[in-house]
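Breakdown of the fold
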Amino acid sequence: MLVKPPITVLASLASLEGNHDFEQVCAWLEESLDHIRTENDSTKDEVQSRWNQGASQALAVFLEKKRAAREILRKVK
């Protein structure tokens, strides 16, 4: 699992908001998250299923922090 990002990382995420290249990377991460979740629905191997769950959780946390970075910074200041 990802650790709580420091304020400097949240500020960096917030500053990248609207950057076309960064948004393309985030779109790819969103697609990857959807793919992993869909794939995990049909995965029978328990180990693979747990790997998928871990990857899914890490991507979801990153993407949520990216979405919420500006709001979190506003509340902290």
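Below is a summary of the structure that appears in this document. Note that the structure is predicted; figures quoted are calculated from it, not measured.

**Thoughts on the overall build of the chain**
The number of helices and strands found in the chain is three helices and zero strands. The N-to-C order of helical and strand elements in the chain reads α-α-α. What you see for the chain is a C-alpha radius of gyration of 15 Å, clearly larger than the 11 Å of a compact globule of 77 residues, by over 25%. Projecting the C-alpha coordinates of the chain onto the three principal axes gives extents of approximately 45 × 25 × 15 Å. In the chain, which comprises 77 residues, the proportion classed as buried is 23%. Across the chain, the centroid of the 11 positively charged side chains sits 10 Å from that of the 12 negatively charged ones.

**As for the environment of Asp45**
Position of Asp45 among the secondary structure elements: in the loop between α2 (20–41) and α3 (46–76). Residue Asp45 is classed as partly exposed on the basis of its relative accessible area, which comes to 46%. A C-alpha to C-alpha distance of 43 Å links Asp45 and Val76, two positions 31 residues apart in sequence.

**Some details on α3**
Residue pairs spaced three or four apart in an α-helix point in one direction, given the helix's 3.6 residues per turn. Its maximal kink placed at Ala68, α3 deviates by approximately 55°. Listed in full, the buried residues belonging to α3 are Ser49, Asn52, Ser56, Leu59, Leu63, Ala68, Ala69 and Leu73. Taken together, the buried residues of α3 touch α1 (7–16) and α2. Where α3 begins, the capping side chain belongs to Asp45, and its oxygen is found 3.0 Å from the backbone nitrogen of Val47.

**Quick word on the packing of α1 against α3**
Between α1 and α3, whose axes approach to 8 Å, the crossing angle comes to 105°. Taken together, the axis directions place α1 and α3 in an arrangement best described as roughly perpendicular. Contacts between α1 and α3 pair Ile7, Leu10, Ala11, Leu13, Ala14 and Ser15 from the former with Phe62, Lys65, Lys66, Ala69, Arg70, Ile72, Leu73 and Val76 from the latter.

**What about the side chain of Asn52?**
In this structure, Asn52 sits in helix α3. Accessibility expressed as a relative area gives 6% for Asn52, which makes it buried. Ignoring sequence-local partners within four residues, the contact set of Asn52 consists of Ile36, Glu39, Asn40 and Thr43.

Rules used throughout
Residues numbered from 1 in each chain as written. Predicted model: local features only at pLDDT ≥ 70, side-chain atom pairs only at ≥ 80, totals over all residues. Heavy atoms only, no water. Helix = DSSP H or I, 4+ residues; strand = E, 2+ residues; numbered from the N terminus. Rg over C-alpha atoms; globule rule 2.2 N^0.38 Å. Buried < 20%, exposed > 50% of the residue type's maximum accessible area, 1.4 Å probe, protein only. Lys, Arg positive; Asp, Glu negative; His and termini not counted. Charge placed at Lys NZ, Arg CZ, Asp CG, Glu CD. Bend = angle between axes of the 7 residues up to and from the residue. Contact = heavy atoms within 4.5 Å. Polar contact = N/O pair within 3.5 Å; in protein donor to acceptor, adjacent residues only side chain to side chain. Axes fitted to C-alpha atoms, helices over the stretch in contact; angles between N-to-C directions. Parallel < 35°, antiparallel > 145°, perpendicular 65-115°, else oblique.

Everything listed here is a matter of coordinates, which is why it stays silent on function.
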